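Working through the structure, step by step
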Amino acid sequence: MSFDAIKINPLAPALGAEIGGVDLSGDLSDGVIAGIRQALLDHLVVFFRDQDITPAQHLAFARRFGELVSYPMVSGLEDHPEIVPVVKLPDETHNFGGIWHSDTTYLAEPPLGAILVARELPPHGGDTLFANMVMAYEALSGGMKEMLSGLIAINSSAKDAVAKSRQDRQKDMGDVPEPLVSEHPVVRTHPESGNKALYVNVGHTIGIKGMAMEESAPILEYLFQHQRREDFAMRFQWRPGSIAFWDNRSTQHYPLNDYHGHKRVHHRVTLAGDVPV
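Residues numbered from 1 in each chain as written. Predicted model: local features only at pLDDT ≥ 70, side-chain atom pairs only at ≥ 80, totals over all residues. Heavy atoms only, no water.

Here's the deal with the overall build of the protein
Looking only at helices and strands, one finds six helices and 16 strands in the protein. Relative to the globule expectation of 19 Å for 277 residues, the C-alpha radius of gyration of the protein, 18 Å, shows essentially globular dimensions. Along the longest, intermediate and shortest principal axes, the C-alpha atoms of the protein span 50 × 45 × 35 Å. Going through the 277 residues of the protein one by one, you find that 52% of them count as buried. By sequence separation, contacts in the protein at least 24 residues apart represent 84% of the contacts at least 6 residues apart. Accessible surface, the protein: about 12100 Å² in total, of which carbon and sulfur atoms supply 51%. The protein carries 24 positive and 35 negative side-chain charges, and their two centres are separated by 3 Å. (Helix = DSSP H or I, 4+ residues; strand = E, 2+ residues; numbered from the N terminus. Rg over C-alpha atoms; globule rule 2.2 N^0.38 Å. Buried < 20%, exposed > 50% of the residue type's maximum accessible area, 1.4 Å probe, protein only. Contact = heavy atoms within 4.5 Å. Areas by Shrake-Rupley, 256 points an atom, 1.4 Å probe, with all protein chains shown as cover. Lys, Arg positive; Asp, Glu negative; His and termini not counted. Charge placed at Lys NZ, Arg CZ, Asp CG, Glu CD.)

Here it is as structure tokens:
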């Protein structure tokens, strides 16, 4: 399949495709942008290789897909505040967002997705796993789907593991944001494809509305384990010039923390989303 000379190469049965035949530093046609967007809907996360783009070009490309929003927990670059540096330094042990999660589900309107550009990579390691939450939902039994229908998940920015992963980046901030909490359906419907996706994550989900913690904990723990099944996932190996663009409404991701003693730098831009239903 191709759109205006774009080449789309699926990478794994569950999700993921590499897009070739496009230079993201250039002025892309509407047809190319439409092709990339369709590939994102079809494959949930798309990748580009051998790209050399400036921060301004990163922002210009992202704006072709919607409004940009800031990340509430870490400051952006001084000259490009919409770009959040995702950094781990050689002396640090925590990597930013180093747990399975969908981005910022503690917001009332979590993002549509994000575009991540590799800027500096360790000599080895630092891969990112992505998982298909539509597939995770579809693999549940009919009884479990019926039980989850209508349930509301409570999500917090202060859940311990993911909060610790931000601490190195927050130490230079004047004011660390207060914890944010939001409620969303356990199963959400994708606003463009209409597919249902399992929309809880171990990084942010702390409970189910109307249930005691003792009641919701085993349900959530089962779902968290279910979401990690290898057949729902793929692994992306970063190289200089690599870019990832994921649909946050139907995926989760997990950056591996296996490169202690080395520096890893990415730049992330986040696209505005909507209220999950």
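Let's talk about the pattern of salt bridges
Tallied over the entire structure, the rule returns 12 salt bridges. K209 is paired through a salt bridge with E183; the nearest N and O atoms lie 3.1 Å apart. Taken together, the residues K209 in the loop between β12 (205–208) and α6 (213–227) and E183 in strand β9 (residues 181–185) connect sequence positions 26 residues apart. One salt bridge in this structure joins D247 and R249, with 2.9 Å as the shortest N-O distance. On the basis of relative accessibility, which here comes to 5%, the residue R249 falls in the buried class. (Salt bridge = Lys/Arg side-chain N within 4 Å of Asp/Glu carboxyl O.)

Digging into the environment of F245
The residue F245 is located in strand β14 (residues 243–247) in this model. Sequence-wise, F245 and L28 are 217 residues apart; in three dimensions their C-alpha atoms are separated by 16 Å. Discounting residues that sit within four places of it in the chain, F245 has contacts with I36, L40, L44, V45, V46, F65, A114, I115 and L271.

Quick notes on the side chain of N248
Its location among the elements puts N248 in the loop between β14 and β15 (251–255). Reaching out from N248, the side chain makes a polar contact with the backbone nitrogen of D103 at a distance of 2.7 Å. In contact with N248, other than residues within four places in its own chain, are S102, D103, P111, L112, G113 and Y199. (Polar contact = N/O pair within 3.5 Å; in protein donor to acceptor, adjacent residues only side chain to side chain.)

Some remarks on the packing of aromatic side chains
Enumeration over the complete set of coordinates arrives at nine aromatic pairs. Where Y71 meets F96, the ring centres are 5.7 Å apart and the plane angle is 70°; that geometry is what we call edge-to-face. Separated by 25 residues along the polypeptide, Y71 in the loop between β4 (68–69) and β5 (84–88) and F96 in the loop between β5 and β6 (113–120) bring together distant segments of the chain. Where F130 meets W246, the ring centres are 5.8 Å apart and the plane angle is 50°; that geometry is what we call tilted. Of this pair, F130 sits in strand β7 (residues 128–132) while W246 sits in strand β14, and the two are 116 residues apart along the sequence. The burial state of F130 is the same as that of W246; both residues are buried. A connected cluster of aromatic rings, assembled from ring pairs, spans F47, F130, F236, W238 and W246. The ring centre of Y199 lies 4.9 Å from the NZ or CZ of R188, which sits over that ring. (Phe/Tyr/Trp six-rings, centres within 6.5 Å; stacked < 30°, edge-to-face > 60°. Lys NZ or Arg CZ within 6 Å of the ring centre and 35° of its normal.)

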